[in-house]
Every structure is written in structure tokens, then in C-alpha cells.
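Here is how the chains run, residue by residue.
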Amino acid sequence: MSYIAVIAAIFPSIESNPQLDNLIASYPDVLKSLFGIAKGGSITSGAGYLDVELFSFMLPLLVLVLAIGSGARTFAGEEDAGRLELVLAYPVRRRSAVLAKGLAVAGEVLAVCAATGLALLALDPVFGLDLSPGHIASATASLVALGLLSGWLALGVGAATASRALAIGVPAGFAAAAYLVNGLHDLASWLDPFRFLSPFWLVGSSPLQNGADKSGVLVVLLAALAILVAGSLLVERRDLETP
Amino acid sequence: MPESSAIETVGLSKTYGKSVRALVDLDLRVERGEIFGYLGPNGAGKSTTIRLLLDLIHPTSGRASLFGLDTRGQGVASRRLVGYLPGDLRLSDRLTGREQLDSLARLRGLRDSHHRDELCERFGVVLDRPIRQLSKGNRQKLGLVQAFMHRPDLVVLDEPTSGLDPFLQGEVRTLLRENADEGRTVFLSSHSLDEVQHVADRVAVIRSGRLVDVGEVETLRERSLRHVTATFAEPVDPSSFGSLEGVRVTSVEGPRVHLSAPETAMDALVKELARHQIVDLVSQPADLEEIFLELYREGGDGR
């Protein structure tokens, strides 16, 4: 949150510096594409500035790290530590345990994303960012969707395989690949067909300027839910690891 | 139709990978109200059996039921009747004992904490410190309380007295006996004959994943060997010892005689030894491995 405040606090000095837009316009397309600088977007508007500084990389990264850590810890990590042995010997269905843990992960993701959205709402008048509340809401929603997808992927992979390394590695690797596909598909035509697989592409970039892609957010949320359910079914089929 | 047994397994087997046969064709029946000892060296398949009964792992073949409820198909219903103390107990280090017990009770939907409080008082459980600060013995006490707190029809205990002092070990035995007297069943796994023999009604011996023998504790106790070393004031003729039932003279070094004898022969042996002037007498229980070897030799048919 303090990171968001610091970034927002710098904005007034950016705003008074119109040459920056010219500088950025002279950047090569590859850089603009990777930094999430929208075509025709402006870095000297509040929304454009925060899209680049926060929503193109930093915030998704923070939310993903938190979500993946939480998803991997809560099942594969607990199993690794031998703590599921006792709990699953109780009259508890394994799939209910996975779903309950999914709810806990969702709680963490929602809390962080909501705090982000509220921070932006609060900072908006202070630094004259001139943001649209509707766009803040949809930007927050896209963060939630990305967070749930990676967190539930970590939880689901952990539940299905009992491996904490996979529970971290699979969603982290997927996120990295998906991020690159989203950043580069405009420039590398062979990547273009894969853009549909990138949740970053699906939710849309520059959400504070353009709003998030609502149907894309929905698709990502549904995929996240499907992964969680798959994990909860697969966990029933395997042996619990010996602590 | 007869009342179903507390535990019944039919051809229960577990193979890891292609070749590691952790449990082979286990046919076992534990009746209601008995204390059943499950004895074997480390790695014999005791924990594998228990984890199969609780559906933590799935059998390669065969089946098991608790009170007639299939452990696979009716796992939740069957586990509702069970209290379990794992051999390697891992609790949530950051919680206090009280928080841990509260959370486990909630998982069972257990509202009445009366019996739990009684048990905590009885074992002197430390409730208000984080679990990470507790000694092994104090964690084990928490494990015992959670296994008994809902008055389960079947308690499954994997090496329950590890880390407990002798006084508490006695207290655990008393608790087991009380449970059995109330008609509840106890399944007690251990690698130590001493832990089991004073409390169990029947004992199964398992080795390398196979059931070696099931019988009354008395029977096993008869085979429970002691190593006896007697040092006499002067060399004696040991032949009169060797002629006692079950006693063997293993070696003689001057005035010192080494013997092996079952517990049941100790009285006769000591009386025989006492006919000579004794300087020193040492008796040690043979370790379980030796007793198992003995069992194999004496017609354990390796089912």
C-alpha cells in the first residue's frame, strides 16, 4: 500500500512534464508493448501513469506472488509438513478440505485487491489523479481474477500432485509465459494465436484508462474455478504422502 | 446377522511402485471392546495398515471396514467413529494447545468440551503456550486428548506413549483399560512388546508386511525371551539349568553363565540358580527382533 502511495505521490511531478509523452512516443514498439503502454495512451494522465507504473507489472506481480504462495502453502505445504495426516483422518472429505482452503486463498486475494482499490480511491483526490471509480473497480476485478487463477492453480496442482515445488512452479511458469505472450503477441505474429490462453490478455491491459474486459475477467474466473474443482477431485484419487 | 467387528480387513494389500510390498494380504478381525496390540519392528507395515484403515492411502487390493462401514466408500462415516493418534504427530506450531484442540473439535462438530477438559486436567496438558514451545511429551499429551475427546468407539494409537514419562505411560494404560471396560475398542500399534503386553488382550505380530501371528498376549509372553547372565562364586555345572522348560545355555565363561529363557520360566530358573552362591545376576528382555525370529522358527507359517 505504501508502494502505491509513493507511486501516486510522484505523479504531480510527472504531470507537469509533458516532454515525457514525447520521450515515450519515441520508444521502440517492443518496449512500449512490454511496459503495457497503450497505443495512444498517455503517461502524463493519472490513469495512464498508474496503468504503466502499477497495473502493467508491479501489482499483478505482487498479487500473484501472494496468491501462489498462499495456494501452495495451504495444501502441498501442509502435507509436506505432515499436518494433513491428522486432519484428513477426521470425518472430513478431502474435496471439502480443498474447497475450504480455496475459500481461504480467495479471502487473502480479495483482501489485498480490495485494499489496493480502496487505496486508489483514497489517493485519487489527494494527488489529483482524476481516476474513474468504475475503472478502479474493474481494474481491481481484473487483479482479483488473475490472483484467483494463479492461487487456485497452485492449490489445485498441490492437491493433485502433493508436490510443493510443482504447486509453485506450474503457476509461476504459466504466469511468466502468459505475461510474455500478452506483451509480445503484437510483435511476434507466431505468438498471436496463443494470446487467447493468456489471462493477462483476456482481462485487458491499461484497465484504469480503458476499464477491464468484463467477459475476459469472467472467463478467467471460470477457468480458475474449474481448476480448483479439478484439484479437489484429483486429490481423492491419490495417497496422502507419508510425513 | 452378527454384530460387525470393530475392524475387519480382507486380503488388504498395499504395494508402492511395482515392487515395494508394504502390506501383503492382511486378514484381521478386531472385536468390539478389546484392546488389540499391533506389534512389529519399524517398517513392518504397522503405519501402512493404520493409514489404510483411515483412508489416508488407498489399498492396492483387498478391503477394510470399521464397524461394518467400508473405509473407501463410507470413509467419512467410518472415520466419525474413530480417534487417531499418529505415530509422527505434527500439530500447528503457531497455535496454542487450546486453539489447536478447539480447531480440531470444530472439525468434528464437537460442541461439548466437558470430556476434553477432564482429559486435559488428567494429563496436565499445557494449553496456553504456543505448541512450538512444547516438549515432545507435552505435544503427545495434546495428541492423546484429541484422540479421546469425542469418546470414539475405536481409538487407533500409533506408538502412543513415545515421549511420555513412566507415570504418564501408566496413566495412558489406565485410560485404555477404562475405554475397553466401556465397550470401546482400542487398536494399539507399537514396536515395543513391553508397551503392549501389560494392556492388550490380543496381539498381532507383523513383519515385512505380513501377519506372522495373532494370539492372546499370554501366548506371546511365553515366548518373550530374557537374556540372563549369572555370575557365581565359583564355576558351576550349567546342565541343570538347560534342562528347564524353554531355557537354553548360550555360553559359559568360567564362573559366568549366559542363558536365554522365556519369561514364564524365570521363576524356576532363578530358584535353580539360587542353589549356588551368586555374585551377580542380570536379566534383560530380548529385543523384539529376536522374538520375531523365534516366532518364525516356531511355526509362524508366514501367511
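Residues numbered from 1 in each chain as written. Chains lettered and ligands numbered in written order. Predicted model: local features only at pLDDT ≥ 70, side-chain atom pairs only at ≥ 80, totals over all residues. Heavy atoms only, no water.

**Q** Outline the pairing of strand β1 (residues 7-16) of chain B, supporting the account with residue identities and numerical values.
**A** All names here are of chain B. With five bridges joining them, β1 and strand β4 (residues 61-66) adopt antiparallel strand pairing. Paired with T9 across the two strands is A64, which belongs to β4. Remark: three residues form the turn of the hairpin made by β1 and strand β2 (residues 20-30), two consecutive strands paired antiparallel; G17 in that turn has positive phi of roughly 65°. (Pairing = 2+ DSSP bridges. Helix = DSSP H or I, 4+ residues; strand = E, 2+ residues; numbered from the N terminus.)

**Q** Which residues make up a negative patch on the surface, and what values go with them?
**A** A cluster of acidic residues, B:D112, B:D117, B:E118 and B:E121, forms a negative patch on the protein surface. Looking at the secondary structure, you find B:D112 in the loop between α3 (97-108) and α4 (114-123). (Patch = residues over 30% accessible without salt bridge, like charges linked within 9 Å, V, L, I, M, F, W, Y side chains within 5 Å. Areas by Shrake-Rupley, 256 points an atom, 1.4 Å probe, with all protein chains shown as cover. Salt bridge = Lys/Arg side-chain N within 4 Å of Asp/Glu carboxyl O. Lys, Arg positive; Asp, Glu negative; His and termini not counted. Charge placed at Lys NZ, Arg CZ, Asp CG, Glu CD.)

**Q** Residue-level account of the interface of chain B and chain A, with values.
**A** Counting residues at the interface gives 23 residues for chain B and 21 residues for chain A. Between chain B and chain A, roughly 2000 Å² of surface is buried when both sides are summed, and carbon and sulfur atoms account for 54% of that area. Measuring nitrogen to oxygen at the nearest pair gives 2.5 Å for the salt bridge that ties A:D239 to B:K14. Taken together, the links from chain B to chain A amount to 17 residue pairs in polar contact (both at pLDDT 80 or more). For the side of chain B that touches chain A, the secondary-structure elements that each account for two or more residues are β1, α2 (75-80) and α3 of chain B. A per-class count over the side of chain B that touches chain A returns 12 nonpolar, three polar and eight charged. (Contact = heavy atoms within 4.5 Å. Buried area = accessible area lost by both parts, 1.4 Å probe. Polar contact = N/O pair within 3.5 Å; in protein donor to acceptor, adjacent residues only side chain to side chain. Nonpolar A, V, L, I, M, F, W, Y, C, P; charged D, E, K, R; others polar.)

**Q** Let's hear about the packing of aromatic side chains: which residues, and what values?
**A** This model, assessed by the stated rule, comprises seven aromatic pairs over all chains. Judged by centre distance (5.6 Å) and plane angle (65°), the rings of A:F57 and A:Y179 are edge-to-face. Here A:Y179 lies in helix α9 (residues 164-184) and A:F57 lies in the loop between α4 (46-55) and α5 (58-80), a separation of 122 residues in the sequence. With centroids separated by 6.0 Å and ring planes inclined at 10°, the aromatic side chains of B:F232 and B:F241 adopt a geometry described as stacked. Feature note: the residues A:F57, A:Y179 and A:F200 constitute an aromatic cluster, connected by ring pairs. (Phe/Tyr/Trp six-rings, centres within 6.5 Å; stacked < 30°, edge-to-face > 60°.)

**Q** Tell me about the sheet that holds strand β9 (residues 202-207) of chain B, residues and numbers included.
**A** All names here are of chain B. The strand order across the open sheet formed by six strands is β6-β7-β8-β3-β9-β10, and the pairing between neighbours is mixed. With one partner strand each, in any of the chains shown, β6 (82-85) and β10 (210-216) form the two edges of the open sheet. Averaged over all neighbouring strand pairs, the angle between strand axes comes to 15°, with direction disregarded. Sheet analysis places β9 next to β10, joined by six bridges and oriented antiparallel. Paired with V205 across the bridge in β10 is D213. Lying over the sheet, helix α5 (residues 136-148) contacts β6 and β7 (154-158), oriented at roughly 170° with respect to β6. (Axes fitted to C-alpha atoms, helices over the stretch in contact; angles between N-to-C directions.)

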